[in-house]
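If you want the building blocks of each chain, they are given just below.
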Amino acid sequence: EMGDEEFGMELGGAGTTLWCSVSGRWELGTLKGSQKKGMAAAKLVVEVEGEEHLVEQKDVTRFEPSHAQDLPNMVAMHNLHEAPLLYLLQRRLKNGSIYTWAGDVLLSLNPYGPLPELYNLSRWQEDNSAKKREAAVPPHVYAIARRAYSQLREKVGMAEAERAAAAASGAFASQSVLISGESGAGKTEAAKRVIEFLTAASRTAKEARGSMRSVDDSNRQSIESSVAAASTRASLEMPSTPLAAVAESRTASFRTPASRARHASLAATTPAPDAAFFSPAVGVAEQPAVVSVELLLRDASPILEAFGNAKTIRNDNSSRFGKYVAVQYDEHGCIAGASTETYLLERSRVVDISAGERNYHIFYQLLTDSGIRSAWSLPPAESLDVLNVDGQVARLAGVSDAKEFAVVRRALPAFGIGPPEQAAVWRILSAVLLLGNLAFSLASDAAGADDYAQVADDAALACAAAALGCEEGSLRVALLQKKINVAGEDITQRYSIKAAQICRDALCKSIFAALFDWVVGRINAVSRSANPRSSSIGILDIFGFEQLQTNSFEQLCINFVNEMLQEQFNESVFAAERRLFAAEGVEVEDGSLQSSAERLRLMTRMLQGLDDQCRLGERGSDEEFFQEIGQKHTVRGICQQEQRGVFSISHYAGKVFYTTDGFVLKNSDQLPPDVTALFATCVGLESVITILNGGTPADAGRLSAADPRASATTSASSVRNSAPSGAGPAGGGGGVSAFKLNLSLANARASQIEEAQATARGVGGA
Ligand SMILES: Nc1ncnc2c1ncn2[C@@H]1O[C@H](COP(=O)(O)OP(=O)(O)O)[C@@H](O)[C@H]1O
Ligand SMILES: [Mg+2]
């Protein structure tokens with residue numbers, strides 16, 4: 001039954017062009033009329049490419065002429081709506097424009113291919129330096145960086161005299177660049193581009209002031225001495241300078257399988273952006289003792305990526321940790337240092353990877369060195385349980401682990417980690433691999449219901465103990481049993497196979513995570529500015545919102561942080577706009593803006609509840625935590641129990657189902673006291689153990705380069721004889737480290753948000 005001409009009238013009547021959603025896709029169609037069948041609400045008849053469709057009124061929106069324009073800023077669009085927005089982004093992407101402004105915020109699409117012209121920094125500067133008016137600058141990640149830098153240097157709206165005073169006291173306005181988006185969106189690439197711009201701008205500022213005078217003096221001293229020391233030590237082994245890897249590592253940053261090789265060839269034909277911005281003197285080769293902070297900043301990246309990135313299904317070089325890099329400035333607008341803070345390294349990956357994925361790059365890189373392999377009797381990755389899935393090792397297309405390893409080895413000395421200490425690092429990593437290969441079987445003396453574990457292969461145990469630098473017997477004891485105190489009496493409780501595996505995995509995860517923190521600590525020790533008054537541009541590159549097949553504690557933490565970022569985004573984009581409208585007396589319908597604030601409060605309470613469970617020690621359980629969700633945290637439309645052990649939270653980005661299995665264990669992340677005691681006996685692991693025991697990475701000193709096998713005795717005395725019982729703070733019980741980490745992230749974010757409330761610029765990956 002056709003008719004009811006009125007129906008489509010407010011849309012412009014028959015013949016009007018409309019956006020309409022047909023089978024989940026937005027299409028442009030022509031309104032033909034409407035149709036009503038029985039009691040059902042009338043539907044619109046639209047024609048899309050010669051075919052008629054019936055669509056509901058909520059699935060159509062008016063087409064405006066501005067929807068067809070190529071707008072660099074989407075807010076210029078009339079009737080801004082999902083449909084024209086997606087088409088705008090698609091049109092722009094096809095033309096190679098991956099960036100689009102959303103007001104002040106930059107939206108970025110991943111082109112999954114090299115766009116070298118886009119990152120010709122000197123050309124970009126030439127084209128845009130004259131454009132003082134922000135709105136005139138085309139959307140680009142460099143524009144974000146430039147804005148942050150110029151706002152750092154001049155406080156907006158500040159009177160000349162005030163500005164001079166501020167500059168004299170070094171009080172610049174600190175800035176933050178927040179980058180968010182799902183995994184593989186291009187966040188880390190964007191962060192690198194921001195840093196690339198900042199280092200170039202700093203270089204220019206330095207040149208303007210005359211050479212290297214502006215490098216923070218105390219800082220430079222430490223850089224100089226550490227690099228000088230490192231390069232003398234390195235000179236025997238390495239013909240090139242420690243930082244010669246810079247150019248190579250830059251090309252190495254593109255990991256799209258297909259693009260990788262192409263990129264390399266393009267890099268050979270296009271001039272590197274540095275060429276125009278970095279004076280030849282910085283080519284380090286001639287002056288290895290004077291290393292600029294700018295170069296250090298970029299040299300840290302291949303190291304951090306080797307230790308903290310891995311291949312996932314979505315991204316061959318996925319960062320498995322969150323990172324906040326504060327680029328520190330002196331009063332002249334030159335980079336004085338950089339400090340890197342990392343968050344929530346994905347520890348589970350060390351012992352558990354899914355099909356098609358890989359463990360951390362550094363493990364595979366290490367295995368390309370036959371010297372290291374034979375030193376620690378390492379089998380190939382196909383035979384290392386933590387590096388393969390059913391014997392299959394996922395490959396990185398177009399990337400050579402050996403070459404990447406060379407880049408890392410050449411970058412490490414810049415941070416004072418020369419070959420002897422590197423050897424200690426490779427040893428610790430080997431220990432993790434060998435521990436991961438330990439299998440357990442039913443103990444021969446176990447009878448009936450007692451399923452005690454024993455180490456299945458004594459030779460494997462010996463290899464792992466050798467690399468760890470401890471006695472074989474001590475390691476065996478720590479893996480197979482724990483001491484518990486019952487009614488004032490110490491008794492030994494032997495582990496089941498499952499419990500021994502959990503203990504082994506905890507050992508692997510803790511060692512690797514501590515080593516990662518140690519590496520970050522060492523990078524900071526060299527690159528951080530000593531001047532506490534220095535202002536900074538912070539770049540937050542953090543894991544995006546996650547919704548996996550099975551979501552666990554890690555996803556809860558990640559999504560908690562993303563809710564925070566979303567709240568910041570809402571605040572800076574919508575709430576500010578709403579205040580503006582209110583100030584001008586324009587009414588805006590409320591409730592249109594969904595707030596993350598309530599979800600954040602709820603999740604905070606939930607995490608505190610989990611923390612309480614962890615404090616209960618043996619009595620805390622995932623089941624109890626799950627029950628609490630039903631009793632205390634159920635909020636209609638936000639959070640509820642779904643089925644046994646599963647609850648859901650409706651996040652800003654969608655509903656996620658969380659499986660509570662393992663939450664308590666993951667949150668407490670506590671090592672059994674006997675394992676902590678074992679660490680105390682390991683030779684040469686002191687610095688890493690400081691971190692394992694709750695010390696900050698800043699406390700971490702050098703790693704001993706001594707080969708533990710030289711000093712290890714062969715007597716198989718048990719750990720109880722050789723180590724104090726319950727040693728170290730981590731053995732004290734009630735540790736809630738993972739959550740502490742989580743809250744420290746919350747606090748860090750809160751202070752950054754406060755600091756940069758008015759000026760934070762987001763780069764939104766899409
Ligand atoms: N701007 C870009 N230009 C070209 N390729 C890019 C760009 N951004 C990302 N990529 C490609 O996508 C991959 C994943 O990007 P990455 O920044 O690691 O994602 P995320 O950090 O968001 O997980 C990169 O390794 C690179 O190959
Ligand atoms: Mg990343």
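Quick caveat, the model's predicted, so the values are computed rather than measured. (Residues numbered from 1 in each chain as written. Chains lettered and ligands numbered in written order. Predicted model: local features only at pLDDT ≥ 70, side-chain atom pairs only at ≥ 80, totals over all residues. Heavy atoms only, no water.)

### Section: the packing of helix α14 (residues 419–436) against helix α17 (residues 497–527)
Here's step 1: The contact between α14 and α17 brings their axes to 9 Å, and the two run at 160 degrees. It follows from the interaxial angle that α14 and α17 lie roughly antiparallel. Relative to α17, α14 is oriented so that their crossing is left-handed. Here E421, V425, I428, L429, V432, L435 and G436 of α14 come into contact with α17, specifically with R504, L507, C508, I511, F512, L515, W518 and R522.
Here's step 2: Grouping the amino acids of the contact of α14 with α17 by side-chain chemistry returns 11 nonpolar, one polar and three charged. (Axes fitted to C-alpha atoms, helices over the stretch in contact; angles between N-to-C directions. Helix = DSSP H or I, 4+ residues; strand = E, 2+ residues; numbered from the N terminus. Parallel < 35°, antiparallel > 145°, perpendicular 65-115°, else oblique. Left-handed = near helix turned anticlockwise from the far one by under 90°. Contact = heavy atoms within 4.5 Å. Nonpolar A, V, L, I, M, F, W, Y, C, P; charged D, E, K, R; others polar.)

### Overview of the sheet that holds strand β4 (residues 51–55)
Backbone-to-backbone hydrogen bonds join strands into a sheet, with any given pair of strands oriented parallel or antiparallel.
Here's step 1: Taking strand neighbours across the sheet as the criterion, the five strands line up as β4-β3-β2-β1-β5 in an open arrangement whose pairing is antiparallel. Each edge of the open sheet carries a strand with a single partner, namely β4 and β5 (60–62). With direction set aside, neighbouring strand axes in the sheet form an average angle of 45 degrees.
Here's step 2: In this sheet, β4 lies alongside strand β3 (residues 43–48) in antiparallel orientation, the contact comprising five bridges. Counterpart to V48 in the pairing with β4 is E51. (Pairing = 2+ DSSP bridges.)

### Examining the pattern of salt bridges
Here's step 1: Overall, the coordinates contain 30 salt bridges when judged by the stated rule.
Here's step 2: D70 is paired through a salt bridge with R92; the nearest N and O atoms lie 3.1 Å apart. You can see D70 sitting in the loop between β5 and α1 (82–94) and its partner R92 sitting in helix α1, a full 22 residues away along the chain.
Here's step 3: The partly exposed category is assigned to D70, whose relative accessible area is 45%.
Here's step 4: Between E472 and R476 there is a salt bridge, with the nearest N and O atoms lying 4.0 Å from each other. You can see E472 and its partner R476 sitting in helix α16 (residues 472–480), four residues apart, about one turn around the helix.
Here's step 5: Accessibility expressed as a relative area gives 34% for E472, which makes it partly exposed. (Salt bridge = Lys/Arg side-chain N within 4 Å of Asp/Glu carboxyl O. Buried < 20%, exposed > 50% of the residue type's maximum accessible area, 1.4 Å probe, protein only.)

### So, unusual backbone geometry
Here's step 1: Positive phi, close to 45 degrees, is recorded for E49, a residue that is not glycine.
Here's step 2: When you line up the elements, E49 lands in the loop between β3 and β4.
Here's step 3: Even without being glycine, N79 reaches a positive phi, approximately 45 degrees.

### A closer look at α17
Here's step 1: Spanning 31 residues, α17 covers 45 Å between terminal C-alpha atoms, matching the ideal 45 Å at 1.5 Å per step.
Here's step 2: Burial within α17 is extensive, with 24 of its 31 residues counted as buried. (Expected span 1.5 Å × (residues − 1).)

### Notes on the coordination of the magnesium ion (ligand 2)
Here's step 1: Every protein donor of the magnesium ion (ligand 2) is accounted for by T188 (OG1) and S319 (OG), and the metal-donor separations fall at 2.1 Å. Taken together, the residues T188 in helix α5 (residues 187–209) and S319 in strand β10 (residues 318–319) connect sequence positions 131 residues apart. For the residue pair T188 and S319, the accessibility class agrees, reading buried in each case. (Donors = N, O, S within 2.8 Å, 3.2 Å for Na, K, Ca; no water.)

### Let's talk about the UniProt feature "binding site: ATP" (unreviewed entry) in the chain
Here's step 1: The residues that UniProt annotates with the feature "binding site: ATP" (unreviewed entry) are G181, E182, S183, G184, A185, G186, K187 and T188.
Here's step 2: Topologically, G181 is positioned in the loop between β8 (175–180) and α5.
Here's step 3: With respect to the helices and strands, the residue E182 is situated in the loop between β8 and α5.
Here's step 4: Apart from residues no more than four positions distant in its own chain, E182 is found in contact with K187, R314, G544 and F545. (UniProt positions renumbered as here; feature names shortened; annotations may be inferred.)

### Some points on the packing of helix α3 (residues 141–153) against α5
Here's step 1: Running from N to C, α3 and α5 cross one another at 45 degrees; their axes reach a closest spacing of 9 Å. The pairing of α3 with α5 is recorded here as oblique in orientation. Note on packing geometry: the crossing formed by α3 with α5 is right-handed. Here α3 contributes V141, Y142, A145, R146, Y149 and R153 to the contact with α5, which in turn contributes A190, R193, V194, E196, F197, L198, A201, S202 and A205.
Here's step 2: Residues that form the contact of α3 with α5 fall into these classes: 10 nonpolar, one polar and four charged.

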